[in-house]
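# Structural description and commentary
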Amino acid sequence: MNRNTAVPIIVKGNDMTLSHSPQPILSTDDLGIIYPGGIEALRATSINFQRGEFTVLLGLSGAGKSSLLRSLNHLVKPTSGKVISAEFGRLDNQGTLRRHRRKTAMVFQHHQLILRHTALQNVLMGRLGYHSFWRSLLPPPKTDLELALHCLDRVGLADKALVRVDQLSGGQQQRVGIARALAQQPSIILADEPVASLDPSTSEKILSQLKQICAEDGITSIVSLHQLEYAKRFADRIIGLAQAQVVFDAAPQELDDKQLKLIYQQSANPKRKDKHTADTQSNSSYQYLPTKTATQLEIAK
C-alpha cells in the first residue's frame, strides 16, 4: 500500500489487492505544490495509481484534491518531486508531456465546452492532440467523425450530436465532456469534481456511466470528489486528503469514523491557515488552477 510519508495513513485490514500491483500506470514521487504567496497546496506525496483502477480523491474543498489531480498532467506544475508515467517515463520535457497528455483525458467540473459549437464539434476537440496544427485547420477525417459519434452514442447523446451545447442541460453537457475525453482514446481519465454542479440524481447517472465505460475499456480513472456517499459507492480505492496531505489510502470498506475525522478535520490553529496550507484558502487558491484543457494548452503553444 502506497502512502504519503508526511503523515501516517490509517488503514485497517489488508484488502488492497489493486494497490499492491507491481506495475502502476502512473506514480508521483515526493510531489509538492506551492502556489504564489507561499500557499502550500500539496505536501511531498508519493502515490502509485494502478491500471484499471477507479480511484477517488476525497476531501474538503481546498484539501489539495484538485492540485494533486491537475499535477498528474502538469496543468498545475509541481514545485518539487516528479510525476512518472509507466508508458512515457518522467514528465520532465515537453515531448514526454505532450505524449502523456494525448493519452490522459480531463473531465472538468464546469465542462470547459465551447457553447456555440455542437456536441459533435466539442467531442472532436479530443482528437486535436493527434494532428498537427495545420491538419487541425482542415475538416476532420472520416475516422475521427465516426469515433466522435461513437463516443456520443456511448454516453447516450447520439441524437444530440448536431445540437449546440448551450441548448443542453448541465448533465448532458457533462456527458459531452466525457465523450470528448473518450475521443482521445485515453489510458487515463482525470475527472476534477465532475458532479459538483449537478443534482444528486444526475450525479449518480454521470458517475455510474463514467465507471462503467472505464471498466469496459480498461481505463484508469482518478476522480476528485467531496461527496462521501459517492466515493464509497463508486471507488475501488479512496485517497483521502486534508490540509494538503494524504491521510488515508485504502479500499472504501476500510473507511471508518476515525479515518473520516482525519479527512474532514479542521485546522486546529486558524491564525496560521493563510501561511502554511492551501486547505484553508480554497477560494483564493483556485485562482491558480488553469481552466484550459490539456489539448487547449497544447494548441496555445
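Up top is the structure these notes are about.
Read on for an overview of the structure. (Residues numbered from 1 in each chain as written. Predicted model: local features only at pLDDT ≥ 70, side-chain atom pairs only at ≥ 80, totals over all residues. Heavy atoms only, no water.)

## Side note on the side chain of His 111
Operational definition: Counting from the N terminus, the helices are the DSSP runs of H or I reaching at least four residues and the strands are the DSSP runs of E reaching at least two. For every residue, the accessible area (1.4 Å probe, protein chains only) is compared with the maximum for its type, and the residue is labelled buried under 20%, exposed over 50%, or partly exposed between those bounds. Contact between two residues is taken to exist if any of their heavy atoms lie within 4.5 Å; hydrogens are not considered.
With respect to the secondary-structure elements, His 111 resides in the loop between β6 (104–107) and α3 (119–124). Taking relative accessible area as the criterion, His 111 reaches 9% and is therefore assigned buried. In this structure His 111 touches Gly 170, Gln 173, Gln 174 and Arg 180, once residues within four positions along its chain are discounted.

## Notes on the packing of aromatic side chains
For the record, the criterion: Between rings of Phe, Tyr and Trp, where Trp is taken as its six-membered ring, a pair exists when centres lie within 6.5 Å; planes separated by under 30 degrees are stacked, by over 60 edge-to-face, and by other angles tilted. When the NZ atom of lysine or the CZ atom of arginine is within 6 Å of a ring's centre and also within 35 degrees of its normal, the charge is said to sit over that ring.
A complete count under the given rule lists 2 aromatic pairs for this structure. Judged by centre distance (5.2 Å) and plane angle (75°), the rings of Phe 133 and Trp 134 are edge-to-face. Judged by its relative accessible area of 64%, Trp 134 is exposed. Judged by centre distance (6.5 Å) and plane angle (50°), the ring pair of Tyr 230 and Phe 234 falls under tilted. Separated by 4 residues within a single helix, Tyr 230 and Phe 234 lie in helix α8 (residues 228–234), roughly one turn from each other. We classify Tyr 230 as buried; its relative accessible area is 6%. Here Arg 102 stacks its cationic end above the ring of Tyr 130, 5.7 Å away from the centre of that ring. One Lys or Arg, Arg 127, reaches over the ring of Tyr 130 and ends 4.2 Å from the middle of that ring.

## Observations regarding the sheet that holds β6
Inclusion rule: Strand pairing is defined by DSSP finding a minimum of two bridges between the two strands. Between N-to-C directions, angles span 0 to 180 degrees; the directions come from axes that are lines fitted to C-alpha atoms, helices contributing only their stretch in contact.
Pairing in this open sheet of 6 strands is mixed, and the strands run β6-β7-β8-β3-β9-β10 from one edge to the other. Looking at the sheet topology across the chains shown, the edges are occupied by β6 and β10 (245–250). Each adjacent strand pair in this sheet contributes to an overall mean axis angle of 20°, direction not counted. Strand direction decides the pairing type here: β6 and strand β7 (residues 188–192), joined by 4 bridges, are parallel. Paired with Thr 104 across the bridge in β7 is Ile 188.

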